[in-house]
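Reading the structure
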Amino acid sequence: MTVFATAVGFGVAAAVGTLLRWRASTTLGPGGTLLINIAGAFALGLLASTSGAPATIVGTAGLGALTTVSGIFPESARLMRASPLLALGYVSLTITGATAAATVGLRLV
């Protein structure tokens, strides 16, 4: 894969990941961000045993843009206004759910 193709692949994968995360979070709110982060962590676990430019592009750009901590912070802040306990639960569920999903993905390959 050429440097140009890799760069284009990164740009496209990052754009798709970002748009999917935005769509899920605007449609489903905090639940969408939670779902995206857990599903993305699972996909990263599955992808971890692969190598090569396509796997790097999908994992780093696509799934990296899809699953981002910057999506958790605004959702947590909104939930904090409603209930600090709800916000704490959201962050905790995101971390434990994503870690468990990545572990399952790793073990499946």
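Residues numbered from 1 in each chain as written. Predicted model: local features only at pLDDT ≥ 70, side-chain atom pairs only at ≥ 80, totals over all residues. Heavy atoms only, no water.

For the protein chain, the helix and strand inventory stands at 5 helices and 0 strands. Along the protein chain, from the amino end to the carboxyl end, the secondary structure elements read α-α-α-α-α. Its C-alpha atoms give the protein chain principal-axis dimensions of about 50 × 30 × 15 Å. The buried share of the protein chain, taken over its 109 residues, is 34%. Restricting the contact set of the protein chain to residue pairs at least 6 apart, pairs at least 24 apart contribute 73%. Put simply, the protein chain shows about 6,300 Å² of open surface, and 76% of that area lies on carbon and sulfur atoms. (Helix = DSSP H or I, 4+ residues; strand = E, 2+ residues; numbered from the N terminus. Buried < 20%, exposed > 50% of the residue type's maximum accessible area, 1.4 Å probe, protein only. Contact = heavy atoms within 4.5 Å. Areas by Shrake-Rupley, 256 points an atom, 1.4 Å probe, with all protein chains shown as cover.)

Nonpolar side chains collect at one region of the surface, where Phe4, Val8, Val12, Val16 and Leu20 lie side by side and expose about 490 Å² of accessible area between them. Looking at the secondary structure, you find valine 12 in helix H1 (residues 3–28). (Patch = residues over 30% accessible without salt bridge, like charges linked within 9 Å, V, L, I, M, F, W, Y side chains within 5 Å. Salt bridge = Lys/Arg side-chain N within 4 Å of Asp/Glu carboxyl O.)

Attention now goes to the confidence of the model for the protein chain. Across the protein chain, the average pLDDT comes to 93, with 100% of residues at 70 or higher. Element-level pLDDT for the protein chain is lowest in helix H4 (residues 69–82), with a mean of 88, against a maximum mean of 96 in helix H5 (residues 84–108). (pLDDT = per-residue confidence, 0-100.)

Glancing now at the side chain of glutamate 75. Summarising the element assignment, glutamate 75 is placed in helix H4. With a relative accessible area of 4%, glutamate 75 lands in the buried category. A polar contact is formed between the side chain of glutamate 75 and the side chain of arginine 78, at a distance of 2.9 Å. Those residues in contact with glutamate 75, other than ones at most four positions away along the chain, are Ser25, Gly29, Pro30, Thr33 and Tyr90. (Polar contact = N/O pair within 3.5 Å; in protein donor to acceptor, adjacent residues only side chain to side chain.)

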